Amino acid sequence: MRDYTEEEICETVFYLSRYAECLEIDKAITVPDERELFWMLLEWAREFTRTFAPDGEKDYMAELESRGPKWLTTTFPYIPELDEEREAIIEFLQSEDGDPAVWPWALSAEEIAQNDDLLRKVERVVNFDQQGDYNTEELCAALDRIVGVNPALKERSAPDSGMAQPCM
C-alpha cells in the first residue's frame, strides 16, 4: 500500500464519473442517487490509487478501464424506467375496460397489457406529444388494426352501417 495524492484521487474520480455517465447514457446502469454515486466513486478512487503500483507492469488507465465499469455495473445495475407512452396505453385500456359497452377489441385489456410486442407496435403507430398526450381516435384506430376488432362487433355492424371504429 502507498499514499496517494489529491491529484491522483481527483483524476480517478473524474475518469470513473465519465464511465458512469457513459454507462448511464447507454442504459447499462441506473444511478438513483447522485450523492451515493459520488461517495462510491471517491471510495473506489481511494482504494484504486492506494493499491495501484505506478511503477508496476500494469497501465493505470487500462486497469481503471477494466475495473471501473465492473464496479459500476455491479453496484448500480440497470433498472428500466416505466415507459410513459406504454403506461398511457395501458391506462387507456383499463379505463375502457370499465365501460359497460361491449369490449371493442379481440383481446382483453389484460391480454393486451401483458403483450410487449403488441404494445410496442401500438406505441410506434400512435403519436404522443411531449407531455405524453395522444389522440384517442388515433389510439383506437391503432388498437383496431394491431389487436383486431371484437368479432361480436364485426357481426353486429353491417358493412354499410357507418361504424368506423369500435371504441367510438
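So, here is what we can say about the structure in this document. Please read all numbers here as calculations on a predicted model, not as lab measurements. (Residues numbered from 1 in each chain as written. Predicted model: local features only at pLDDT ≥ 70, side-chain atom pairs only at ≥ 80, totals over all residues. Heavy atoms only, no water.)

### Focus on the side chain of E123
Defined as follows: Helix numbering and strand numbering both begin at the N terminus, where a helix is a DSSP run of H or I of at least 4 residues and a strand a DSSP run of E of at least 2. In this scheme, a residue with accessible area under 20% of its type's maximum is buried, one over 50% is exposed, and one in between is partly exposed, where area comes from a 1.4 Å probe on protein chains only. Polar contact is defined as a pair of N or O atoms within 3.5 Å, subject to the rule that within protein one atom must be able to donate a hydrogen and the other to accept it, and that residues adjacent in sequence are counted only when both atoms are side-chain atoms. Contact criterion: two residues are considered in contact whenever any of their non-hydrogen atoms come within 4.5 Å of each other.
In this fold, E123 is placed in helix α6 (residues 116-125). Exposure remark for E123: the relative accessible area of 13% places this residue in the buried category. A distance of 2.8 Å separates the side chain of E123 from the side chain of R86, its partner in a polar contact. Every residue in contact with E123, bar those within four places of it in the chain, is listed here: D83, E85, R86, I89 and F128.

### Considerations on the nonpolar core
Side chains of nonpolar character tend, in soluble globular proteins, to be buried together. Short version of the rule: Throughout this description, the term nonpolar core refers to a set of buried Ala, Val, Leu, Ile, Met, Phe, Trp, Tyr and Cys residues connected via side-chain atoms within 4.5 Å.
Counting residues in hydrophobic clusters, the biggest one holds 19 residues, and the most contacted among them are I89, L93, W105, I112, V122, L139 and L143. With 5 residues, the top contributor of residues to this core is helix α4 (residues 84-97). In contact with I89, not counting residues within four places along its chain, are L119, V122, E123, F128 and L139. If you look at the next biggest cluster of nonpolar residues, it comprises 18 residues, including L23, W44, F52 and F76.

### A few points about helix α3 (residues 60-75)
Basically, it comes down to this: Helix span, expected: 1.5 Å multiplied by one less than the number of residues in the helix.
When the terminal C-alpha atoms of α3 are compared, their 22 Å separation across 16 residues agrees well with the 22 Å that a helix rising 1.5 Å per residue should span. All of the buried residues along α3 are E63, L64, G68 and L72. The elements touched by buried residues of α3 are α1 (6-25) and α2 (34-51).

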